[in-house]
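Listed below are the residues making up each chain.
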Amino acid sequence: MKFSVKFLLSATSPSHFPAPSVPEVAFLGRSNVGKSSLINALLGETVARVSSTPGRTRAINFFALHNNPNTPPKMIFADLPGYGYAKISKSISAEWPSFIEPYLTERETLALAVCLVDTNIPPQPSDSMLIDFLQQHQRPYIVVGTKADRLSNNTLAKSIAALKREHQVDNVIPCTVNKQNGTKALWSALLAALPA
Ligand SMILES: Nc1nc2c(ncn2[C@@H]2O[C@H](COP(=O)(O)OP(=O)(O)O)[C@@H](O)[C@H]2O)c(=O)[nH]1
Ligand SMILES: [Mg+2]
């Protein structure tokens, strides 16, 4: 997929959210799991800031994806603040009810949540909590296992099996951002999960 991408805005309160229009895909996960890297890989250009310091994204960053720069966007990507990193978990949990939770529960154009989980670490309770939360609110989601390139095939298969079991999900799509075609299966899953 190749889109023309425009950064829309950075929101730190629901009053900043862009007017609801086209379907939105939200990228969620712990700080440093690879949300911004994945957005850049899917879009084939560097639009989201990648950081080796966890907890840099403190706002919801919205990106509009256009087939043609002069026509209205086809969809919107939302890069959400990470959770679960010790140093910032306090401030993020303060922000969670004020604007992240309203975004996930009330945003009418939110079509799909992409939940990123790290394949290099054991299943995390914070990820289970998020997945439960989305299930409770009947939000469609898919689960992506990041940084798959760091593991051997055998170890990756075991990690994916553990993630599926712990998070009680049917599918965890392994993904790697720095390999050609590492995001191809994800584009298919993402488009298939979007409402027609
Ligand atoms: N090896 C490897 N590293 C990755 C991958 N995706 C992200 N990273 C690294 O993980 C770190 C955090 O990435 P970032 O996208 O900023 O995470 P975010 O906090 O979730 O947005 C950066 O150092 C990235 O280079 C991947 O698929 N493979
Ligand atoms: Mg980020």
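Predicted model, so just to flag it, every value in this text is computed and none were measured. (Residues numbered from 1 in each chain as written. Chains lettered and ligands numbered in written order. Predicted model: local features only at pLDDT ≥ 70, side-chain atom pairs only at ≥ 80, totals over all residues. Heavy atoms only, no water.)

## What about the packing of aromatic side chains?
Here is step 1: Evaluated as defined, the whole model comprises seven aromatic pairs.
Here is step 2: Chaining the aromatic ring pairs together yields one cluster made of F3, F27, F77 and W187. (Phe/Tyr/Trp six-rings, centres within 6.5 Å; stacked < 30°, edge-to-face > 60°.)

## Regarding the confidence of the model for the chain
Here is step 1: For the chain, the mean per-residue pLDDT works out to 88, and 90% of the residues sit at or above 70.
Here is step 2: Summarising per-element confidence for the chain, the mean pLDDT is lowest in helix 2 (residues 86-106) (69) and highest in helix 4 (residues 153-167) (97). (pLDDT = per-residue confidence, 0-100. Helix = DSSP H or I, 4+ residues; strand = E, 2+ residues; numbered from the N terminus.)

## Considering helix 1 (residues 35-43)
Here is step 1: Burial analysis of helix 1 places eight of its nine residues in the buried class, which makes it a mostly covered element.
Here is step 2: In the segment just after helix 1, G44 is the residue with positive phi, at about 70°. (Buried < 20%, exposed > 50% of the residue type's maximum accessible area, 1.4 Å probe, protein only.)

## Observations regarding the site of ligand 1
Here is step 1: Looking at ligand 1, there are 15 residues lining it, with N32, G34, K35, S37 and D149 nearest.
Here is step 2: Backbone polar atom of S36 to an oxygen atom of ligand 1: 3.0 Å apart, as the coordinates give it.
Here is step 3: Compared with its free state, where it exposes 580 Å², ligand 1 has 83% of that area covered by protein.
Here is step 4: Counted by class, the shell around ligand 1 contains three nonpolar, seven polar and five charged residues. (Near = heavy atom within 4 Å. Polar contact = N/O pair within 3.5 Å; in protein donor to acceptor, adjacent residues only side chain to side chain. Areas by Shrake-Rupley, 256 points an atom, 1.4 Å probe, with all protein chains shown as cover. Nonpolar A, V, L, I, M, F, W, Y, C, P; charged D, E, K, R; others polar.)

## Remarks on the pattern of salt bridges
Here is step 1: Evaluated as defined, the whole model comprises two salt bridges.
Here is step 2: One salt bridge in this structure joins E45 and K2, with 3.6 Å as the shortest N-O distance. One end of the pair, E45, is in the loop between helix 1 and strand 3 (60-66); the other, K2, is in the segment before strand 1 (4-11), with 43 residues separating them in the sequence.
Here is step 3: Accessibility expressed as a relative area gives 31% for E45, which makes it partly exposed.
Here is step 4: Look at K2 and you get exposed, because its relative accessible area is 55%.
Here is step 5: As a salt-bridge pair, R107 and E24 come within 2.6 Å of each other at their nearest N and O atoms. Here the residue R107 occupies a position in the loop between helix 2 and strand 5 (110-118), and E24 occupies one in strand 2 (residues 24-29), the gap between them amounting to 83 residues. (Salt bridge = Lys/Arg side-chain N within 4 Å of Asp/Glu carboxyl O.)

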